Amino acid sequence: MSVIAIAKKDFRDAMRSWVLIALIVLFALFTVGGAYISTQIAGLLGDAGDQPLDILFALQTPASFLIPIIGLMVGYKAIAGERESGSLKFLLGLPHSRRDVVLGKVLGRTGVVTVAIVIGFAVGIVAIFGFTGSFSLVEYLAFTLVTLLLGLTFVSIAVGISAATGSTTRAAVGIVSLIGLFWLLWGFIGQLLLYLITGSIVPEPPMPDWYLLYSVIPPGGGYGLAADAVLPTDGQFGVGMLAGDDVPFFAEPWFGFVILAVWIIVPLALGYWRFSRVDL
Amino acid sequence: MATIELTNVTKRYGDTMALSDLDLTVRKGTIYGFLGPNGAGKSTTINLLLDFARPTAGSVRVFGHDPQDESRTIRKRTGILPEGFDLYDRLTGRQHLDFAIESKGVDDDPEAILERVGIAEAADRKVGGYSKGMAQRLALGAALIGEPELLILDEPSTGLDPAGARDMRTIIREERDRGATIFFSSHILGQVDAVCDRVGILRDGALVAEDTVEGLREATSAKTTLRVTVDQVPENASEQLLTYAGVSEVAIEDTTLVVSCESDVKTTVLDTLETEGATVQDFTTEESSLEELFMAYTEGTEVRT
């Protein structure tokens, strides 16, 4: 009850933010761009293969890059911003618990990211239809749902950080560090380890198990696996293709949902734990 | 029955002592004015009542509940106007009240509340464009939702013009007459003495005085300083005057006597001096006002955050 009231209020409030509208427009542009480029490439190669899947593959790139950023941007001020401005005093002056606030914020902000994803992908559908004259609705919907899960994951991470810190500056530092870690450092360190251990930068698959595990740990790794779980992609999105015949359980598509669930629950639990104990 | 009860409450922020061993009782159905300079610990006390902060030691009870365990139960029955709050700039006044009504699970009419706090014409404007006084009125309106049994108002007159402050006092009285208990803080005496049934003065995290407004006023107006200039001071004037119960102190500076006494012995003092052979050339009296008492209690305190 309380959670829903907060989520509704928060959604209304955040939807009126210009930054958010700019992010939605940006994401829509990327999906159209992705759809265009992929259909062009398919056309050039004269590829008569599974076109809708190719297009989804093309959409995965902007989605796996932009949705995390949108999720983090939408979420990082959720609680720290209210603490900083003092509106949290108004919010907690009403009969809401701090847990209601954390959960309500996650719901409300996830609603916002959902709007971004739905608009972006709806525009994408229209574009694909315009370029190719066809698309696969079922696969498109499945891909949209998995992407929503990715959005929820990053909103949870951001709200967790926001709940744990008292200032938006520190929350911003937190999310920028996270982006730096997962977008730059993680892949680089992985490559470095791979080189040190196998002596080759691009070894032939199958990759060693430790590298597969290392690759699925970030939320993006979980997203790839989860996409493979709901689409007939043959492990193209996740690390499945890199594994040998004997695929370890953590490189199987279903494990993507486990990874995402951990990334949703743990940051929120830690953030709430800190937030519930602090003097406001 | 006590609506609010603090017993031996201490609150430390790092090395700073915000409250030390505070005892405070607010009885049901009264208007309690919580008075003190900025930094005395008023907001800290209120934060403890709302579970925005937790006490270092001591017990806090609101309606007999511990805010740390049953904060929601308390806040369901309480209307709160916090200090230093902010609202949601992108939402309208009406949307704020709708949210508060939904949060409290009641079905009040936002229109009537907006009317009551005097911002009905701004109902559908975004709060980002409100003045400080309008935001204060809106937050008060939100606090009034659901006819709470207790109203906690932290510096409620902040940002209000004199007319706004008067409206605020009217609403506070109406709420008390409805049966609510009102606990409000202020650093300005003038806002408190007109409406309060009881006043507590906080200084450096401790209660230094507590009484009814009349009680405090009597206590202070009783104290008078009488300065009498005579042609010559009678030899045993000091001893003579100190025999009266109402005279507490006599100091002699040349031909002037400075007598601390209660108001009703002023003429007796003058008569006695005349009887002893002195001629009164001039005299002044200094009555200490409630304002002076407040200043005396609170001046010299350091501003703490």
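## What to know about the overall build of chain B
Helix and strand counts for chain B stand at eleven helices and 13 strands. In terms of overall dimensions, chain B is more spread out than a globule: its C-alpha atoms have a radius of gyration of 25 Å, far above the 19 Å expected for 305 residues. Principal axes of the C-alpha set define a box for chain B whose edges measure 80 × 45 × 35 Å. Put simply, of all contacts in chain B between residues at least 6 apart along the chain, 69% involve residues at least 24 apart. With the model as given, the accessible surface of chain B reaches about 13600 Å², and the carbon-plus-sulfur share is 45%. Within chain B, one finds 31 positive and 54 negative side-chain charges whose respective centroids are separated by 11 Å.

## A word on the domain arrangement of chain B
Domains assigned within chain B are domain 1 (2-211) and domain 2 (219-290). Distance between the C-alpha centres of domain 1 of chain B and domain 2 of chain B: 46 Å.

## Some thoughts on the sheet that holds strand E4 (residues 57-62) of chain B
To summarise the sheet geometry, strands pair through backbone hydrogen bonds and adopt either a parallel or an antiparallel arrangement. Residue and element names in this part refer to chain B. Read from one edge to the other, the open sheet built from three strands follows the order E2-E1-E4, with strand pairing classed as antiparallel. Sheet topology places strand E2 (16-27) and E4 at the edges, where each strand pairs with a single neighbour. Ignoring which end each strand starts from, the neighbouring axes of this sheet average 15° apart. In the sheet, strand E1 (residues 2-13) pairs with E2 via eight bridges, with the strands oriented antiparallel. Bridge pairing in E2 links leucine 6 to leucine 24. Strands E1, E2 and E4 of the sheet are contacted by helix H1 (residues 42-50), whose axis makes an angle of about 115° with E1.

## Overview of the nonpolar core
Within the largest apolar cluster, 147 residues are counted, with the highest numbers of intra-cluster contacts made by Phe183 and Phe184 of chain B. Per-element accounting of this core gives the leading share, twelve residues, to helix H7 (residues 137-164) of chain A. Setting aside anything within four residues of it in sequence, one finds phenylalanine 184 of chain B in contact with Ile31, Tyr32, Gly33, Phe34, Leu153, Pro156, Ile172, Gln191, Val192, Val195 and Cys196 of chain B. Residues Val228, Val230, Val247 and Leu273 of chain B belong to the second largest nonpolar core, which totals 15 residues.

## Some details on the sheet that holds strand E3 (residues 31-35) of chain B
Residue and element names in this part refer to chain B. Here we have six strands laid out as an open sheet, ordered E5-E6-E7-E3-E8-E9, and mixed in their pairing. Both edges of this open sheet fall to strand E5 (78-81) and strand E9 (206-211), since each of them pairs with a single strand only. For this sheet, the mean angle separating the axes of adjacent strands, direction not counted, is 15°. Sheet topology note: the E3/strand E7 (residues 181-186) ladder contains five bridges and is parallel. Looking at the pairing, tyrosine 32 lines up with phenylalanine 183 of E7.

## What to know about the packing of helix H6 (residues 98-132) of chain A against H7 of chain A
All names here are of chain A. Where H6 contacts H7, the axes come no closer than 8 Å and their chain directions differ by 145°. Between H6 and H7 the crossing geometry is right-handed. Across the interface between the two elements, Val102, Lys105, Val106, Arg109, Thr110, Val113, Thr114, Ile117, Phe121, Gly124, Ile125 and Ile128 from H6 touch Tyr140, Phe143, Thr144, Thr147, Leu148, Gly151, Leu152, Val155, Ser156, Val159 and Ala163 from H7. When the residues that make up the contact of H6 with H7 are grouped by side-chain class, the tally is 14 nonpolar, seven polar and two charged.

What counts as what
- Residues numbered from 1 in each chain as written.
- Chains lettered and ligands numbered in written order.
- Predicted model: local features only at pLDDT ≥ 70, side-chain atom pairs only at ≥ 80, totals over all residues.
- Heavy atoms only, no water.
- Helix = DSSP H or I, 4+ residues; strand = E, 2+ residues; numbered from the N terminus.
- Rg over C-alpha atoms; globule rule 2.2 N^0.38 Å.
- Contact = heavy atoms within 4.5 Å.
- Areas by Shrake-Rupley, 256 points an atom, 1.4 Å probe, with all protein chains shown as cover.
- Lys, Arg positive; Asp, Glu negative; His and termini not counted.
- Charge placed at Lys NZ, Arg CZ, Asp CG, Glu CD.
- Domains from an automatic or database assignment.
- Pairing = 2+ DSSP bridges.
- Axes fitted to C-alpha atoms, helices over the stretch in contact; angles between N-to-C directions.
- Core = buried A, V, L, I, M, F, W, Y, C linked by side-chain atoms within 4.5 Å.
- Buried < 20%, exposed > 50% of the residue type's maximum accessible area, 1.4 Å probe, protein only.
- Left-handed = near helix turned anticlockwise from the far one by under 90°.
- Nonpolar A, V, L, I, M, F, W, Y, C, P; charged D, E, K, R; others polar.

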